[in-house]
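Okay, here's what each chain looks like letter by letter:
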Amino acid sequence: MLGTVSERAPLSAGWPELDVDTAYAIQDEALRQRRARGETLIGVKLGLTSRAKQQRMGIDAPLLAWLTDAMVLPAGAPVPHDALIHPRAEPELVFVLGRRLAGPGVTAATALSAVDRVYGGIEVIDSRYADYRFTLPDAVADNGSSAYFSVGPVGVEPASLDLSLEAALLEVDGQIVDTATGAAVQGHPAEALALAANTLAARGLALEPGWLVLTGGMTDAVPVRPGSRLAAHFSHLGSLTLAT
Ligand code: 0L1
Ligand code: MG
C-alpha cells in the first residue's frame with residue numbers, strides 16, 4: 001500500500017502498456033515521497049518468491065520493493081486496521097546484512113556470507129487493488145503491497161542453520177492453517193537474497209550494511225481479521241504473534 005486507505009482498479013486497467021521498468025520508477029517516486037515525509041529507508045522485501053504465492057496471484061516472477069521504518073510493527077503493537085484495506089499476513093525469513101552486497105553476479109553463497117543474522121518474521125501485506133487482482137507491473141508500482149512487518153525475537157548466524165529446512169507453521173485462531181520450509185523461497189532464501197542484489201545492480205543500486213531483507217512469503221498469505229489470533233512458529237527462530 002502507498003499511503004491511502006482506498007482501494008482502486010489496477011493501474012494497468014487504464015494503462016495497459018505499463019511495464020515493469022516504469023513500475024519500478026513509480027515505486028522509487030513513492031519512496032522519495034516517503035523519505036520527504038521523514039521516513040527512513042531500512043531495506044527491501046522480495047515478493048512472489050514462492051510457488052505458493054505465485055500460483056495464488058497468477059504471476060510467475062518475483063518482485064522487489066522498499067521497506068521503511070514506518071512499516072515496522074513492534075512486538076505487541078496492534079495491526080492498524082484503520083490504515084489498511086484488506087490486510088493479509090505471511091511468514092517470512094528475514095536477513096539483516098552485516099556488509100554491503102552489490103551485484104551483478106552475486107551467488108547464494110556470496111549473499112549468505114554478507115548476512116549478519118537471520119530472523120523469523122511476519123509480513124502484513126495490503127494491496128491497494130480491489131480483490132488483490134493485478135499484474136506484475138501493478139504490484140511493483142504498489143511497492144509490492146507492502147504495509148507492515150514484524151521481526152521475531154530470535155536472530156542467529158545463518159551458517160548455524162540449514163535455512164532450506166527451516167520450517168514455519170502459520171496459526172490462525174489455534175489452528176495450523178499452512179506450513180512451509182525455507183526451500184519454498186527460491187529453493188533457498190539465500191537465492192532470494194542474491195536475486196535482490198542482482199536485480200538492484202541492474203538499477204545501479206546495492207544492498208547496504210544493516211539493511212533488512214524480507215525474502216518473501218513462505219506460504220500463501222492469510223487474511224488478518226480484527227480480533228483473530230495469528231502467529232508464526234519457526235523451527236529454530238522462535239514464534240511471533242500479531243496483535244490483530
Ligand atoms: O510480499 C509479497 O509477496 C507481496 C507481493 C505482491 C503481491 C501480493 O500482494 O501478494
Ligand atoms: Mg511478503
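Residues numbered from 1 in each chain as written. Chains lettered and ligands numbered in written order. Predicted model: local features only at pLDDT ≥ 70, side-chain atom pairs only at ≥ 80, totals over all residues.

S.K.: Which residues make up the site of ligand 1, and what are the values?
M.R.: Residues in contact with ligand 1 amount to 14 residues; listed here are only the nearest, Gly47, Ser127, Ala139, Gly144 and Ser145. For the shell around ligand 1, the elements supplying multiple residues, two or more each, are strand E1 (41-47), helix H3 (51-57) and strand E4 (115-125). In the shell around ligand 1, the residues fall into five nonpolar, six polar and three charged. (Near = placed C-beta within 6 Å. Helix = DSSP H or I, 4+ residues; strand = E, 2+ residues; numbered from the N terminus. Nonpolar A, V, L, I, M, F, W, Y, C, P; charged D, E, K, R; others polar.)

S.K.: An account of the environment of Ile42 is requested, with residue identities and associated values reported.
M.R.: Secondary-structure assignment places Ile42 in strand E1. The class of Ile42 is partly exposed, set by 17 C-beta atoms lying within 10 Å. In this structure the C-alpha to C-alpha distance between Ile42 and Ala70, which are 28 residues apart in sequence, comes to 9.5 Å. Sequence-distant contacts of Ile42, defined by excluding residues within four places in its chain, comprise Leu67, Thr68, Asp69, Trp211 and Leu212. (Buried ≥ 20, exposed ≤ 12 C-beta atoms within 10 Å, placed from the backbone. Contact = placed C-beta atoms within 7 Å.)

S.K.: Could you give an account of the pairing of strand E7 (residues 175-181), with specific residues and numbers?
M.R.: Consecutive residues of a regular strand have side chains that alternate between opposite faces of the sheet. Pairing analysis gives six bridges linking strand E6 (residues 167-172) to E7, with the strands arranged antiparallel. Bridge pairing in E7 links Leu170 to Asp178. Counted along the chain from E6 to the antiparallel partner E7, the turn is two residues long, and its residue Asp173 has a positive phi close to 50 degrees. (Pairing = 2+ DSSP bridges.)

S.K.: Kindly report on the nonpolar core, identifying the contributing residues and their values.
M.R.: In summary, soluble globular proteins display a tendency toward joint burial of nonpolar side chains. Judged by nonpolar contacts, the single largest core of 69 residues is most densely connected at Val94, Ala111, Val124, Leu193, Ala196, Ala197 and Val213. Every residue in contact with Ala197, bar those within four places of it in the chain, is listed here: Leu101, Ala102, Gly103, Val106, Ala111, Ala206 and Leu207. (Core = buried A, V, L, I, M, F, W, Y, C linked by C-beta atoms within 7 Å.)

S.K.: An account of the UniProt feature "domain: Fumarylacetoacetase-like C-terminal" (unreviewed entry) in the protein is requested, with residue identities and associated values reported.
M.R.: In the UniProt entry, the feature "domain: Fumarylacetoacetase-like C-terminal" (unreviewed entry) is given for residues 61-241. With 14% helix and 36% strand, residues 61-241 has its two end C-alpha atoms placed 29 Å apart. (UniProt positions renumbered as here; feature names shortened; annotations may be inferred.)

S.K.: Got a sec to walk through unusual backbone geometry? Specific residues and values, please.
M.R.: With an omega dihedral of 5 degrees, the bond running from Gly103 to Pro104 counts as a cis peptide bond. Among the structural elements, Pro104 can be located in the loop between strand E3 (88-97) and helix H4 (108-113). Positive phi outside glycine occurs at Ser145, with the angle close to 60 degrees. For Ser145, the location among the structural elements is in the loop between helix H5 (136-141) and strand E5 (146-156). In this structure, Gln186 is a non-glycine residue whose phi angle is positive, near 60 degrees. Residue placement: Gln186 occurs in the loop between E7 and helix H6 (189-201).

S.K.: Give a description of the sheet that holds E7 that names residues and reports values.
M.R.: Strand pairing in a sheet relies on backbone hydrogen bonds, with the paired strands running either antiparallel or parallel. Read from one edge of the open sheet, four strands run E7-E6-E10-E11, paired in antiparallel fashion. The sheet is open, and its two edges are formed by E7 and strand E11 (239-243), each paired on a single side. Between one strand axis and the next, the sheet turns by 15 degrees as a mean value, whatever way the strands run. Looking at chain direction, strand E10 (residues 229-234) and E11 are connected through five bridges and run antiparallel. Bridged to Ala231 within E11 is Thr241. (Axes fitted to C-alpha atoms, helices over the stretch in contact; angles between N-to-C directions.)

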